[in-house]
Structure formats: C-alpha cells, structure tokens
Amino acid sequence: MTSSRIFSGVSSIPLPTPTTGGSSPLTMRDMVFFLRMRWAWIIVTTSAFLGVAAAYVLTAQPTFVASTQLLVFPQVNGSDAQRAVEADAFLEAQLEIAKSSDVLGQTAKALDLANDPAFADKAPSLQDTAKGWLTGNLQKDAETDDPVAAAQPASLAKETQRSDRVTARLRNMVALRRIGRSTIIEVSADASSPKKAVEIADTVAEEYIRKNILMKAEAARQYSAWLEKFVIEQQRGLTEAANALATFKSNPRDQFKLAELQSAADARRTLYENTLNQFTEAKQRISFPVSDATIVSQATLPLSKARPRSGLIVAFATAVGAGAGLMLAMIRHAGDRRIVRGQRLAEAAELPFVTLLARSEKTRHGHAGYFVAAEARSGSTATYPIIPGMAELGATIAGLRRRRKVVIGIVAVNPGSGASTIACELAVQSAESGSRTLLIDAAAEKSSLSGSIAPHCSAGLIDVLDNADLIQTAALPLTPTLKFLPLGKMRGITPAIRLSSGRTQLNFNDLKKEFDAIFVDISAVSTSPDANAIAPELDGVLVITWHGRTSIDDAVRVIDGIRNVGAEVLGAIINKAPPGMQS
C-alpha cells in the first residue's frame, strides 16, 4: 500500500498501516458502523420475539396462587444439637406426607375435582408435563401394565385412571416448602381462578392435618394393642408373684427368701401399674388424637395473577430477541462481502485511497435528473448532478495531476454504478478550476454521456481515431475550459480496442499538449473488456463500485486484472452511499 488515507464524502479517514499478521482491534467507530448497518436485523428479530411474547401473554390462561401456613410441633427429645437434627428430619417427613397421594387424593375428593371439567378434562400444559416427567409423576393414559389393574372392570379402571390423573395434576399445582429454619410449612396452590386456588391450599392443609391425626391415632391404636397384651402378661406375673409370697409367708423358714419374694412382688406391682397407666393414656390418644400441626394463616384471595408474568416475559423476550438479532447481525456482517466501507476495500486491494460518494438526485440548478443536455453550439453551460463528496475527490484528482496523471480513465465494476456521472462531474470541477479539460466518452456498451449531452452529434471519437484533425469539430465546447468528445457512430470494434492497438491517428500525448486534464469514460468491466484494453494507454484508472451491491471480491478481481495488463490503479470510489455513511 502506498498511502494511508481514505477520502469520504465529508472528511478523510486515516487508514492504519496493514499488518501481515493478526487483525486490527475493534474500535468504537467499528461498533457504531456495525449498528448503523445492521440495526434492522436487531430490530426485526427483537420485534419477532416480542410479538411471540405478546401473543403468549394475551392468550395464556392466567394463574393465581394462594398460600396457607402451618405451624408444626416436632416431637423430639435430647440435647439441643440432637433436637435440631431430629426437628429437620421430622419436618422433611411432614413435607413428604403432605405431598403424598393420600392427602392429594382426599383433597381432590373433597373438592370434587374429578367431576370439574375445567380441571379434570383440561389437557396438561407443557410446563406441567415437563414438571411431571422430571419428578416421575407422569400417569399413563393408555392401558396399564399392572395385572391387578388389568383384572379390574373397564369402568373401574377408567375411574381409577381419571382419579390418578387428577391427583398427578394436583401434585403439579401444589407446592410445599419450609420457611427458613422455622417450623412453619407453607402450602401454595395455583389455579385458574383465585377462589379455586384458595380452596385447594386450605383443603390440602386440612387434609394433611387429618392425615396426621389418623396416623397418630393408628399408631396409638397399635401401641394400645401391644400394651393390652403386655398388661395381661404383667397381671399374670403379678398374680404369680403374690401367690408365691403368700405361700412362703404361711411357713417362713428363710427371712432372706421372704425379702426376695416381697421385692419381686413389689417390682411386678410397680411395672403393672406403670403399664396400666400407659395403656390408659394410649386409649385416650385413640379417643382424643392431637395433630402435630395447626393452621396459623389461612389462604386469602390473591389480588393479581401470578403467571404469566407479563413484565418479566416481555423483558426476557426483549433480551433474548436482542441477543438473537445481534448474533444474526454479526453472522450476516461477517459473511457480507458487499462493499460498504472504504477501509476494507483499501486493505484488500492495496489502494492508495478510497472515496465514498453519497447518492444525490439534485442538479446544479436544483432540477432533478441524471444528465441534462446542453446544445454544443449554443455555448451555454451544461447542467450536471452534484454528488456529495465530489469536492474531496476533486482535490485528490488535482493532486494526481501534479504527479503528471493527466489522462485518467473512469471504469465501473458493474453497470449502473455511476461511472459516467462521476467522469462528468470530475471534468466539470476541473474546468471550473480553470484547467483546460477534455471529457471523452469511450463507453461503447452504453454511451450515457453522448446520449445526454450530444445526442445528435455528427462526429465523435470513432471518427477522430481515423482522422485526428476532426477533433477540432468533434470536440464540443461546453464551457470555455471544458470540451466533450462524444462516442460517435459505432462501427464494429470498440474505440478502446482500437486505441490499444496503437494504429490510430489519435494520440493521448498530443492531447496532453492541448489539455491539462483528460477524463475517459469506459464501459463497465463486467460487460466489456474495454477497460483492460485501454488502461495501459492511460496515466491511471479510477475504479467505481456500487455501495452495498458490488462485492469486494469482484472489485479486487477487476483491480488485479487492470494491474496485470500494466496499468496503474489510482484509487477506488464507492458510489451511491447513503448520506449518513459519509461521516
């Protein structure tokens, strides 16, 4: 690379010296450019995610959550450390009991949920299905493999399946947790209506207490049955000990033996009395059982829905959408080979300068149009489009003329890139600066300049190639310092090919003696080989690309092709850039 500057439509951009290894660090300018180029990807993707989130929020059935609190009294003994460990184990056991199928089944029966169409017949949501699968609570809707269930009547099996499905769904709707390190258990239930949520939470708590009472009563009943047998055994032992003592007292021969029998009888009596007291207490516990838990706070009607959380869903969708949009934009940006930045083209093609020119539809007199014809013989000034950024490009071309780059070819990579417009504008700027300027139309494929400025010309470049003296009449004076040489009538071989042969009467060296600047409009490389043919005859070539359409690979291939024929590429122009891209 022979220079380190890029000229944009407003100000020049310094190019860093290219390095053979590694990549340039990411700058704030690069990030701003990326956002300006790819903001639509991010906005569209984010909007799509927000649309899905909004549709879900608007269509999802609201869920309300109600909570009931239970105070549990752990029945533990021992030291403080032992009691803490035993209390934790006791509370964990109570949580499992509260989530048991017995408690949930009785809750469903008490609320008649199996006959509630809104509850029993509703298909489980994706969240409930996933939760059931993770907790292993999925119920089979098809025939069960259990031989006992298979042997049941069809109606009973169907009812059992329905009950199991209701219990499984209720398990997904109920959540139990211990509050901190306290002995308070919170029972939470969610439902589609606030009233149903309150009923489920309170009923689960009540059924848990009932289950706890039944369990304690059953334990007391079993303990009482054992104590009853033990009391009978102790009563029999006490009778035998009393009889032995009475028999020995009738004929006391040994005082030591008497004392031993008396002690045994007293021990039997004490054990019997203690056992009888425990048996009485057990009977009382069966008749009047006391639960290990009590309700300290019943559920209240929730004031607002718990799910879906609209704000959280919208925020999450925005974050995910923005992230996905950013990722897609980065992928698109990394794979986009279109020319949008001068620095990238300058580094890829090793160009001295790259200029960005903005798109403009205005003319010098404020009229719209691409080219406005001027009568060559009238001597009036022609009207040309003004392109933002041409002032900097004109200054660069003036500097090239000081390096004796007089004959400059203007060639586009693809047709429609605006090469003819740029050639015309450069010629006008050169003429307005006082330089004697000649604008030559050598674009045989599409002679835009000739068709706009001199559509009825009788002689042109093709005629001058055969007779150099005709240039005095063929070159039309547009201004005192600007002349235009139209293409003329095409006959077979293009003028660019003929000029490359060196067998024509027109010689650029002779034209240099008369003109200070000569600009040659050449057909686009993708449609004609004229550029490679005529380029060695010129002092230099400016390559025109179309912002956002011409690929960097095509531009580099064109530049390398021009260099391979021995011509010098002075620089490149990125035309039709959005006005905001110039800064």
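Residues numbered from 1 in each chain as written. Predicted model: local features only at pLDDT ≥ 70, side-chain atom pairs only at ≥ 80, totals over all residues. Heavy atoms only, no water.

### With respect to the pattern of salt bridges
Here comes step 1: Taken as a whole, this structure holds 19 salt bridges when the rule is applied.
Here comes step 2: The partner of D553 in a salt bridge is R337, with the nearest N and O atoms 2.7 Å apart. Taken as a pair, D553 in helix α20 (residues 552-564) and R337 in the loop between α10 (310-335) and α11 (342-349) lie far apart in primary sequence, 216 residues in all.
Here comes step 3: With a relative accessible area of 37%, D553 lands in the partly exposed category.
Here comes step 4: In this structure, a network of salt bridges that share partners links the residues R38, R332, D336 and R338. (Salt bridge = Lys/Arg side-chain N within 4 Å of Asp/Glu carboxyl O. Helix = DSSP H or I, 4+ residues; strand = E, 2+ residues; numbered from the N terminus. Buried < 20%, exposed > 50% of the residue type's maximum accessible area, 1.4 Å probe, protein only.)

### Observations regarding a nonpolar patch on the surface
Here comes step 1: Residues L26, M28, M31 and V32 make up a contiguous nonpolar surface patch of about 400 Å² in total accessible area.
Here comes step 2: With a relative accessible area of 57%, M28 lands in the exposed category. (Patch = residues over 30% accessible without salt bridge, like charges linked within 9 Å, V, L, I, M, F, W, Y side chains within 5 Å. Areas by Shrake-Rupley, 256 points an atom, 1.4 Å probe, with all protein chains shown as cover.)

### Concerning the pairing of strand β5 (residues 184-191)
Here comes step 1: With respect to burial, β5 is a largely interior element, 7 of its 8 residues being buried.
Here comes step 2: Relative to β5, strand β3 (residues 64-72) runs antiparallel, the two being bridged by 8 bridges. Residue pairing in the sheet places A66 in a bridge with A189 of β5.
Here comes step 3: Bridge count between strand β4 (residues 174-178) and β5: 5 bridges; the pairing is antiparallel. When the sheet's bridge partners are listed, V174 is paired in β5 with A189. (Pairing = 2+ DSSP bridges.)

### Some points on the nonpolar core
Here comes step 1: Counting 48 residues, the largest nonpolar core has L345, I440, L511, I518, V520, V543 and I562 as the members making the most contacts within it.
Here comes step 2: Residue contributions to this core peak at 6 residues, all from α20.
Here comes step 3: Non-local contacts of L345, meaning those with residues more than four positions away in its chain, are made with I339, E350, L351, V354, T545, I552, A555, A572 and I574.
Here comes step 4: In terms of nonpolar packing, the next biggest core, distinct from the first, is built from 34 residues, L439, C457, L542 and I573 among them. (Core = buried A, V, L, I, M, F, W, Y, C linked by side-chain atoms within 4.5 Å. Contact = heavy atoms within 4.5 Å.)

### Side note on unusual backbone geometry
Here comes step 1: Across the junction of R307 and P308, the peptide omega takes the value -5 degrees, indicating a cis bond.
Here comes step 2: Within the secondary structure layout, P308 lies in the loop between β6 (293-297) and α10.
Here comes step 3: We note that R404 has phi near 65 degrees; this positive angle belongs to a residue other than glycine.

### A word on helix α2 (residues 80-98)
Here comes step 1: The terminal C-alpha atoms of α2, which comprises 19 residues, lie 26 Å apart, in line with the 27 Å expected from a rise of 1.5 Å per residue.
Here comes step 2: Along α2, the residues classified as buried are A87, F90, L91, Q94, L95, I97 and A98. When α2 is viewed along its axis, its buried side chains cluster within an angular range of 155 degrees and face the same direction. In α2, the exposed positions that point more than 90 degrees away from the buried face belong to A81 and V85. (Expected span 1.5 Å × (residues − 1). Arc of directions from axis to C-beta.)

### Here's the deal with the confidence of the model for the protein chain
Here comes step 1: Here the protein chain shows a mean pLDDT of 80. Residues at 70 or above account for 82%.
Here comes step 2: Of all secondary-structure elements in the protein chain, the lowest mean pLDDT belongs to strand β1 (residues 5-7), at 37, while strand β13 (residues 540-546) reaches the highest, 94.
Here comes step 3: Low pLDDT (under 50) marks residues 138-144, which in the prediction has 14 contacts with non-local residues, meaning those over four places away or in another chain. (pLDDT = per-residue confidence, 0-100.)

### Observations concerning the side chain of D530
Here comes step 1: With respect to the element layout, D530 can be found in helix α19 (residues 530-534).
Here comes step 2: Buried and unpaired, D530 has no salt bridge, with R498 as the nearest side chain of opposite charge at 11 Å.
Here comes step 3: For D530, the side chain forms a polar contact with the side chain of S528, separated by 3.1 Å.
Here comes step 4: Among all residues touching D530, those that are not within four sequence positions of it are A442, A444, T494, A496, I497, I522 and S523. (Lys, Arg positive; Asp, Glu negative; His and termini not counted. Polar contact = N/O pair within 3.5 Å; in protein donor to acceptor, adjacent residues only side chain to side chain.)

### Let's talk about the sheet that holds β6
Here comes step 1: Sheet architecture is open: 4 strands sit in the order β4-β5-β3-β6, paired in antiparallel fashion. Pairing within the sheet leaves two strands with one partner each, and these edge strands are β4 and β6. Here the average twist between neighbouring strands, direction ignored, is 30 degrees.
Here comes step 2: Relative to the sheet, α2 contacts β3, β4 and β5, its axis offset from that of β4 by approximately 175 degrees. (Axes fitted to C-alpha atoms, helices over the stretch in contact; angles between N-to-C directions.)

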